[in-house]
Amino acid sequence: MSWIDDRAADLDADEFGFDVVPETDQSFENALSKARDGVRLTVDDGIELITTGTDVEGLDPYRKELVLEAADRRRAEVVGEEVTFIANVNNNVTTACNTGCLFCNFKDTAHQFETEYQQEHGGFTKSPAESRAVVQDAVDRGVYEVTSVSGLHPAFGLNEEHRELLDPDDPELNYKPPEAYDTDPTTYREQIAAMAETGAHVHSMTPEEVDHAQRGADWGYADVYRELADVGLKTVPGTAAEILVDEVREIICPGKITTQEWVDSMAAAAEVGLPMTATMMYGHVENEAHRVEHLKVIRDLQDRTDNITEFVPLSFIHQDTPLHEHGVVESGASKAEDELLIAVARLFLDNVEHIQSSWVKYGDEFGLKLLNCGADDFMGTILSEEITKRAGGQYGEFRSFRDYVEMLTAIGRPPVERNTDYTERRRIDTDADVFGPRLGPAADGTPLLD
C-alpha cells in the first residue's frame, strides 16, 4: 500500500469529531419563507433547507419538494427557461501528483514517472506539443474552450526562472529537475501558451496549481495569473475547493492549500481580470453544515469580487477512491442530497447567476431533473473526461449538440450554446437538420463528430 492508502486505512468515519455540525436555532418554516421572499439567507437558514429541517430525522420528502419548488422559481426569475452548454474539450497535462488527496483516483504518485522507475503504470505526462495537438484537433472540429486541470508534477514550474531557483534538496518544495523524468512537463507558461496558440479559450490553473507555480518564489498568486494571462490564459476554474472548511480539508486533502489560501488565489485571479468559476465536491465525509459554510465562503468571495460566472457542484464519485476502498465512505451523496444541494445553492448564492448540472456526475436523466431544481447550465461536450472516469464515473465522455437538443427539447427547455464566461450566447434552432457549434474560431455548425 502507498502512504495515501495507509492514511485512508487509519481513518474512521465515526471518529471525525467535527466542530461544525448541522444544528440551528432557526426553523425550517422560517427559512423557507425567507427563501421564497428572496431575503438573503443565513448559514442557519441554509442548514434548515438542505436538511429539510433539523427538527426531523432524515430528509422529509414533502419539505424537500417545497425547497426544490422555491429554487426552481428563483431560477426562472433569475435566468429564465433557457439551458446553456458549451463546446469544450478537456486536456489534462499530467496525472503525476504527490498531494495525496483521499477522494482522488486521477493522480499517480510522481515517483512512477521518474526515469529510474521500471514498473508499468497508467499515468501520463504530455509535452506542450502534445497538448497543442489535442486542442488543435478539437478546435478544427469546432470546439472553442479547453479546460485543463492537472496533477502537481514536481518538475512543473511557472517558467524556467522558477525552475532554476527551486532547490531539489528541499523536500518542502516538492521539486525534482526535469531530467529525472521520462517526459518533461516543461512549465505552466509553455503549456498554457501551446494550448492558446490554437485559438481556443484556455480555462485553466486552479488555485492549487497556482500555489504550485509560486512555491519557493518571492512572487504571489497575482503574479502567476498575470504572467499566464500574458500568454493566453483567459479564465480560471475554481476547483481544488472540495469543501471550503478546514476541518474537512485536513481529513480528505491535508496536503492541499487551506480555505483562506484558496480564497486568496481566487481573489488574485479577479484582481488580474480573469473571470472564474467556483466548485464544491460534496458527498464524502462532510455534513450538511459544511456544505452551507462552503456556500457562504463563495458568496462572500462574490460579494468582494463580482467575478464568479457560475457555481459547479461536483457530487463525489466514490467507487475507485481511497476513501471508499478503505471503508471510510460507503457511497456518495443520495439523489435527494444532490437535488437539495443544487436547490440550496440557487437560493443561497443570490449573487451567482448560473448553477451547473453535470451529466458527467449525474448522468443524463437525473442531470435533466436537476435543471428543475435550480440549475440552468448543462455542462459541455467534453470530448475527453479523465478525472471522473478514473474515480469510477459511469456516464461517458462526450455529448453531441444533437444530444443536447434532443434532451433539452424533451423537457421543454430551449437549448442555448454559450461561451466560457456567458458573454456570448446563441439560441439553437431546434428545427435545423444538423446541430453543431458556431461560437468558436473554426465553428461553422458542423457536428463535432461524424
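The text that follows walks through the structure, step by step, so that each part is easy to find.

Scanning the entire structure with this criterion turns up 6 aromatic pairs. Here the aromatic rings of phenylalanine 85 and phenylalanine 401 are separated by 4.9 Å at their centres, their planes lie at 75 degrees, and the arrangement is edge-to-face. Of this pair, phenylalanine 85 sits in strand β1 (residues 83–86) while phenylalanine 401 sits in helix α18 (residues 401–410), and the two are 316 residues apart along the sequence. Note on phenylalanine 401: relative accessible area 2%, which makes it buried. One aromatic cluster in this structure is built from Phe85, Phe378, Phe401 and Tyr404. Here the basic side chain of arginine 299 rests over the ring of phenylalanine 348, its NZ or CZ set 3.9 Å away from the ring centre.

We now examine the sheet that holds strand β5 (residues 233–235). Sheet strands pair by backbone hydrogen bonding; their relative direction is either parallel or antiparallel. The parallel open sheet is built from 4 strands, whose spatial order is β2-β3-β4-β5. Edge positions in the open sheet fall to β2 (88–90) and β5, since each of these has one partner strand only. Each neighbouring strand pair of the sheet contributes to a mean axis angle of 40 degrees, computed without reference to strand direction.

What follows covers unusual backbone geometry. Positive phi is not limited to glycine here, since asparagine 174 has a value of about 50 degrees. By the secondary structure assignment, asparagine 174 is in the loop between α6 (160–165) and α7 (188–196). Take asparagine 174: its relative accessible area is 25%, and that puts it in the partly exposed class. The residue tyrosine 422 is not glycine, and still its phi comes out positive at about 70 degrees. Secondary-structure assignment places tyrosine 422 in the loop between β10 (415–418) and β11 (425–427). Under the relative-accessibility criterion, tyrosine 422 is labelled buried at 9%.

Note that serine 204 resides in strand β4 (residues 201–204). Distance in space between the C-alpha atoms of serine 204 and threonine 235 is 6.7 Å, their sequence separation being 31 residues. If near-sequence neighbours (up to four positions away) are discounted, serine 204 is found in contact with Ser148, Ile192, Leu233, Thr235, Val236 and Pro237. Engagement of the side chain of serine 204 in a polar contact is seen with the backbone oxygen of serine 148, the distance being 2.8 Å.

Strands sit in the order β6-β7-β8 across an open sheet of 3 strands; the sheet is parallel. Unpaired on one side and paired on the other, β6 (276–282) and β8 (354–355) mark the two borders of the sheet.

Next up on the list: the pattern of salt bridges. For the coordinates displayed, the defined rule picks out 31 salt bridges. Here glutamate 114 and lysine 176 are joined by a salt bridge, their closest N and O atoms 2.7 Å apart. Taken as a pair, glutamate 114 in the loop between β2 and α5 (128–141) and lysine 176 in the loop between α6 and α7 lie far apart in primary sequence, 62 residues in all. Across the pair glutamate 310 and arginine 418 runs a salt bridge, and its minimum N-O distance is 3.7 Å. Linking glutamate 310 in strand β7 (residues 308–315) with arginine 418 in strand β10, this pair joins segments that are 108 residues apart in sequence. Glutamate 310 sits in the buried class, given a relative accessible area of 5%. Residue classification places arginine 418 among the buried residues on the basis of a relative accessible area of 2%.

This part covers α18. Every buried residue of α18 is accounted for by Phe401, Tyr404, Val405, Met407 and Leu408. Summarising the contacts, the buried residues of α18 are in contact with β1, α15 (359–362), α16 (364–370), β9 (377–380), β10 and β11. Glycine 412, located one to two residues past α18, shows a positive phi value of around 75 degrees.

Before going further, it helps to spend a moment on the packing of helix α3 (residues 43–51) against helix α12 (residues 288–305). Put simply, α3 and α12 touch, their axes get as near as 9 Å, and they point 135 degrees apart. When the interaxial angle is binned, α3 and α12 end up oblique. Of the two elements, α3 crosses α12, and the hand of that crossing is right-handed. Contact with α3, carried on its side by Val43, Gly46, Ile47, Ile50 and Thr51, involves Glu288, Ala289, Arg291, Val292, Glu293 and Lys296 of α12 and no other residues of that element. A breakdown of the residues in the contact of α3 with α12 according to their chemical character gives 5 nonpolar, 2 polar and 4 charged.

Direction vectors running N to C along helix α2 (residues 28–37) and helix α4 (residues 61–79) enclose 15 degrees, while the axes themselves pass 10 Å from each other. The orientation of α2 relative to α4 falls into the category roughly parallel. Read as a crossing pair, α2 and α4 show a hand that is left-handed. Residues Phe28, Glu29, Leu32, Ala35 and Arg36 of α2 lie in contact with α4, whose contacting residues are Arg63, Leu66, Val67, Ala70 and Arg74. Of the residues contributing to the contact of α2 with α4, the split by class is 6 nonpolar, no polar and 4 charged.

Conventions adopted
Residues numbered from 1 in each chain as written. Predicted model: local features only at pLDDT ≥ 70, side-chain atom pairs only at ≥ 80, totals over all residues. Heavy atoms only, no water. Phe/Tyr/Trp six-rings, centres within 6.5 Å; stacked < 30°, edge-to-face > 60°. Helix = DSSP H or I, 4+ residues; strand = E, 2+ residues; numbered from the N terminus. Buried < 20%, exposed > 50% of the residue type's maximum accessible area, 1.4 Å probe, protein only. Lys NZ or Arg CZ within 6 Å of the ring centre and 35° of its normal. Pairing = 2+ DSSP bridges. Axes fitted to C-alpha atoms, helices over the stretch in contact; angles between N-to-C directions. Contact = heavy atoms within 4.5 Å. Polar contact = N/O pair within 3.5 Å; in protein donor to acceptor, adjacent residues only side chain to side chain. Salt bridge = Lys/Arg side-chain N within 4 Å of Asp/Glu carboxyl O. Parallel < 35°, antiparallel > 145°, perpendicular 65-115°, else oblique. Left-handed = near helix turned anticlockwise from the far one by under 90°. Nonpolar A, V, L, I, M, F, W, Y, C, P; charged D, E, K, R; others polar.

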